[in-house]
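Given next are the chains, with one letter for each unit.
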Amino acid sequence: MKEEFKIIANSIQREKSILDVGCGDGELMKFIYENISKKIRGLEISKDNVQKCIRKGLTVIEGNAEMDLQQFPSNSFDYVILSQTLQAFLNPEKVISDLLRIGKTSIVTIPNFGFWKVRFNLLFKGTMPVTKTLPNEWYNTPNLHMCSIKDFVNFCNDRKINLFKSLALTNNKVSSINKFNLNFKNLTSELGIFLIEK
Amino acid sequence: MNEFEDIKKIIIKKPLKLDCGVTIVDYPLAYETYGELNQDKDNAIMVFHALTGDQFASGKNPVTNKDGWWSYVIGPNKALDTNKYFIICANVIGGCMGSYGPSSIDKKTGKKIGINFPVITINDMVNAQFNLLDHFNIDKLFCVTGGSMGGMQVLQFIANYPNKSKIAIPIACSASHSAQNIAFNELGRQAIMADENWKNGNYELENKSPAKGLSVARMAAHITYLSKKGLQEKFGRKLQERDKIKFGFDADFQIESYLRYQGSIFVDRFDANSYLYITRAMDYFDLSKNSKSDLSEVFKNTRTKFFIISFTSDWLYPTAENREIVIALNAINADVGFLEVKSDKGHDSFLLDVPDFLNALKNFVDNSYKK
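Residues numbered from 1 in each chain as written. Chains lettered and ligands numbered in written order. Predicted model: local features only at pLDDT ≥ 70, side-chain atom pairs only at ≥ 80, totals over all residues. Heavy atoms only, no water.

Chemist: Hey, could you run me through the interface of chain A and chain B in this one?
Modeler: Interfaces are often sized by the amount of accessible area the parts lose when they come together. Listed by partner, the interface residues are 20 residues for chain A and 23 residues for chain B. Between chain A and chain B lies a buried interface of about 1,800 Å² when both sides are counted; carbon and sulfur atoms form 46% of it. Summed over the three residues of chain A that lose the most area to chain B, namely Gln51(A), Ile54(A) and Gln71(A), the buried surface amounts to 30% of that side. Taken together, chain A and chain B are joined by two salt bridges. Taking the shortest distance from any N to any O, the salt bridge between Glu340(B) and Lys47(A) comes out at 2.6 Å. For the interface between chain A and chain B, the tally reads 14 residue pairs in polar contact (both at pLDDT 80 or more). Taken together, the elements giving at least two residues each to the side of chain A that touches chain B come down to helix H3 (47-55) and strand E3 (59-62) of chain A. With five residues, H3(A) is the single largest residue contributor to the side of chain A that touches chain B. (Contact = heavy atoms within 4.5 Å. Buried area = accessible area lost by both parts, 1.4 Å probe. Salt bridge = Lys/Arg side-chain N within 4 Å of Asp/Glu carboxyl O. Polar contact = N/O pair within 3.5 Å; in protein donor to acceptor, adjacent residues only side chain to side chain. Helix = DSSP H or I, 4+ residues; strand = E, 2+ residues; numbered from the N terminus.)

Chemist: Is there a simple way to think about the nonpolar core in this case?
Modeler: What tends to happen in soluble globular proteins is that the nonpolar side chains get buried as a cluster. If you look at the biggest cluster of nonpolar residues, it comprises 108 residues, and the most contacted ones within it are Leu69(A), Ile96(A), Phe152(A), Ile196(A) and Ile93(B). Each of domain 1 (9-177 + 286-370) and domain 2 (181-280) of chain B accounts for three or more of the residues forming this core. Non-local contacts of Ile93(B), meaning those with residues more than four positions away in its chain, are made with Leu16(B), Leu18(B), Ile24(B), Tyr27(B), Leu29(B), Ser99(B), Tyr100(B), Ile120(B), Asp124(B), Met125(B) and Ala128(B). Listed in part, the 63 residues of the second largest apolar core include Cys53(A), Ala50(B), Leu80(B) and Leu339(B). (Core = buried A, V, L, I, M, F, W, Y, C linked by side-chain atoms within 4.5 Å. Buried < 20%, exposed > 50% of the residue type's maximum accessible area, 1.4 Å probe, protein only. Domains from an automatic or database assignment.)

Chemist: What is the right way to look at the pairing of strand E9 (residues 141-147) of chain B in this model?
Modeler: All names here are of chain B. Across the seven residues of E9, seven count as buried, placing the element largely inside the fold. In the sheet, E9 pairs with strand E10 (residues 165-171) via six bridges, with the strands oriented parallel. Counterpart to cysteine 143 in the pairing with E10 is isoleucine 167. At this point the chain moves from E9, through helix H2 (residues 149-160), to the parallel E10, and the crossover so formed is right-handed. (Pairing = 2+ DSSP bridges. Right-handed = clockwise from strand over helix to strand, strands pointing away.)

Below, the structure is given as structure tokens:
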């Protein structure tokens, strides 16, 4: 399983309720279901992925987070997970506010646009970056709103969102992000993992 | 109509007060079963049929000699696997396949009840069928499922008996019959009642049959079960056994001939008054009452796990209406899954060989049984 998923799973307490937004083929959900909590549900936009989740015995709703999160009641889940999907939304700000409303804690991961390889691509090659966490070309990327770790931290600070845990992931190595190493982590990390609350 | 002597039936002794105020008692409920009930009695699935269905969901229907209406779904190793599950399907009250309905004989007069049959609702149908749990001594079903009007019965079942089924799978249905659907049903009823042989509902007494009216009702309804794309691909403007149009009102086009045929075979197996009563029950179905929060309220006591399925080309019970149920269940944090299956086959998709549907249904049912 992806290191990112292990970190997310480790952040969740046993037997708590979880909503995985954009749960994909259900890999993370299945791990959580089998090891941490049975009270997990998913929201997924792709019909094929919903079928895969059903095959795994997972409860998933086919839907679009930007339209369908509003139907979930406030504080209805202990955790809401959003794994590497934020950048693909038309209105990420609205999605984050829905996550904070629905979940007591939200776990958001983002591919870091501040990662040095990304910067290197643009700075020296002069082309839009293509990396492990950003595998698409400019013309077929689903990503609409890319941000860096620093952007996300600033976003939370500006909105007084309680960002109580920030982790960085590079080559499967995890480290903490704090205000002293933020610039450095923003340069050296492929992925940011954030636990946020209202 | 024959008298259905060989079909399975229970006589329900427990009085049932119908929504219209009339109480019925000692009435027959015809049913069929598939598979075996296990020792723990935890493998029972109740299947509810749609408007013109009956209890013969699988295998050969002994009355019509055709395959059961859900033959793609029910059988050994199929989505509802008869090697694993015990499947019960009853003919709804108001129906015409042996359950208490307008074509039943009134004991007092010795004649068919006809239009003196009380107006029934989906709620009444479900309450009548609930008696089958007692009959089989089943405390809790594993699953309730059905499509279209069958799906409405699933919703009503859970609303009435919140914890009498582990899982519920309403398919291609709605929690509240739409104006458009009421309109189509009214069209069908008017076609029947406009037939001079309907005789104000007493056609049986005069040995008549409003076959033309019922046939037109079926033709109109049949169109609503298909999609525009499906019709176009299957029939287009193809001509029926001729090279040129004939400048008349014969069935020049294959679609005309097809609809006429569908209408004509329907009248052999279905009672016109049953059609009136059952469509009326559908029209009266409204779990939402005034608002979405009312629909949530209906389900607030349930711990049943739901899986709702709709079809992309179903314009009779479109995805948006199925999604209303999902939204209402989400609002009370119920355990609910949802899938919209891609299919060009319209509302009828749930009756047909649509692999994405059959696979999803099987996977959900089998995985839910394991747990």
